[in-house]
Amino acid sequence: MADQEQSLKISVLIPSRGRPERLATFVQAVAAKASGKHSLRYAIGCDADDGDTIAMALALRASGLPVFPYVGARPASLGGLVNKLAEHLPGDGYCTLGDDGVVKTDEWDDAVAQAWRAKPDGVWWWRCPNNAAFPVISEKWRAAAGRLFTDYFPYWYDDVWLIEVWRYATGSLHCLPIE
């Protein structure tokens, strides 16, 4: 297969707690919007004391979706959990999303693959109407940095931290968008 047609292995990293129905709706909607051209896998971060989320992640897997629950003690930071999800389910690229998001773009995975083909060591940002910052991070970036996020912040600011590191590393004030 030609390089420009290369299928990408995309790991969608989704920390979730206490919203099993929302998790199911989100994963099913994201899967339905995919192009089918790429290998998508969903790592669901579940706290060990959240039986409902664990059960839903297992039900999604049993339904045939490529869902891989990661169950463990609740970490001190959300960034630490996302790093564990990436270790649990390595890919060419990582989409870090919450279970309360909405993906509106058909063939979103192909947009990720096109960005990756143009810059396989990049960090990109979903273009969101509300200016939320959801990074898409290449494996090359993760490997060079040793992680996706820090474990400095309990649940916010890892996205802003990553933007700053991107700016320092590249010398550019501009982030790479994915429409």
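Rules of the game
- Residues numbered from 1 in each chain as written.
- Predicted model: local features only at pLDDT ≥ 70, side-chain atom pairs only at ≥ 80, totals over all residues.
- Heavy atoms only, no water.
- Helix = DSSP H or I, 4+ residues; strand = E, 2+ residues; numbered from the N terminus.
- Buried < 20%, exposed > 50% of the residue type's maximum accessible area, 1.4 Å probe, protein only.
- Polar contact = N/O pair within 3.5 Å; in protein donor to acceptor, adjacent residues only side chain to side chain.
- Contact = heavy atoms within 4.5 Å.
- Pairing = 2+ DSSP bridges.
- Axes fitted to C-alpha atoms, helices over the stretch in contact; angles between N-to-C directions.
- Salt bridge = Lys/Arg side-chain N within 4 Å of Asp/Glu carboxyl O.
- Disulfide = S-S within 2.5 Å.

Draft legend 1. Representation of the side chain of Thr53 in the model. Considering the arrangement of structural elements, one finds Thr53 in helix 2 (residues 51-62). You can call Thr53 buried: its relative accessible area is 0%. A polar contact of 2.6 Å, which involves the side chain of Thr53, links it to the side chain of Asp50. Among all residues touching Thr53, those that are not within four sequence positions of it are Ser16, Arg17, Gly18, Arg19, Pro20, Leu23 and Cys46.

Draft legend 2. Representation of the sheet that holds strand 4 (residues 93-96) in the model. Taken together, the seven strands give an open sheet; going across it, the order is 3-2-1-4-6-5-7, and neighbouring strands pair in mixed fashion. Across the chains shown, the open sheet's two edge strands, defined by having one partner strand only, are strand 3 (67-72) and strand 7 (176-178). Averaged over all adjacent pairs, the angle separating strand axes in this sheet is 25 degrees, with direction ignored. Across six bridges, strand 2 (residues 39-47) lies against strand 3 in parallel orientation. Among the inter-strand pairings, Ala43 is bridged to a residue of strand 3, identified as Phe68.

Draft legend 3. Geometry of helix 3 (residues 78-88). For helix 3, the full list of buried residues reads Gly79, Gly80, Leu81, Val82, Asn83, Leu85 and Ala86. Turning to helix 3, the residues buried within the fold contact strand 1 (9-16), strand 2, strand 3, strand 4, helix 5 (139-145) and helix 6 (158-170). Its side-chain oxygen 2.9 Å from the backbone nitrogen of Gly80, Ser77 forms the N-cap of helix 3.

Draft legend 4. Molecular detail of the pattern of salt bridges. Inspection of the entire model under this criterion finds nine salt bridges. A salt bridge links Asp47 to Arg17, with the nearest nitrogen and oxygen atoms 2.9 Å apart. With a gap of 30 residues between them, Asp47 in strand 2 and Arg17 in the loop between strand 1 and helix 1 (20-32) connect regions that are remote in the sequence. On the basis of relative accessible area, Asp47 is assigned to the buried category, the value being 5%. One continuous salt-bridge network, built from bridges that share partners, spans Arg17, Asp47, Asp49 and Arg74.

Draft legend 5. Geometry of the state of the cysteines. Applying the stated criterion across every chain, the model contains zero disulfides. Free of any disulfide, Cys46 has its nearest cysteine sulfur in Cys95, 19 Å distant. Note on Cys46: relative accessible area 2%, which makes it buried. This cysteine, Cys95, is not joined by any disulfide, and Cys128 carries the nearest cysteine sulfur, 11 Å off. On the basis of relative accessibility, which here comes to 0%, the residue Cys95 falls in the buried class.

Everything listed here is a matter of geometry and, on its own, says nothing about what the molecule does.
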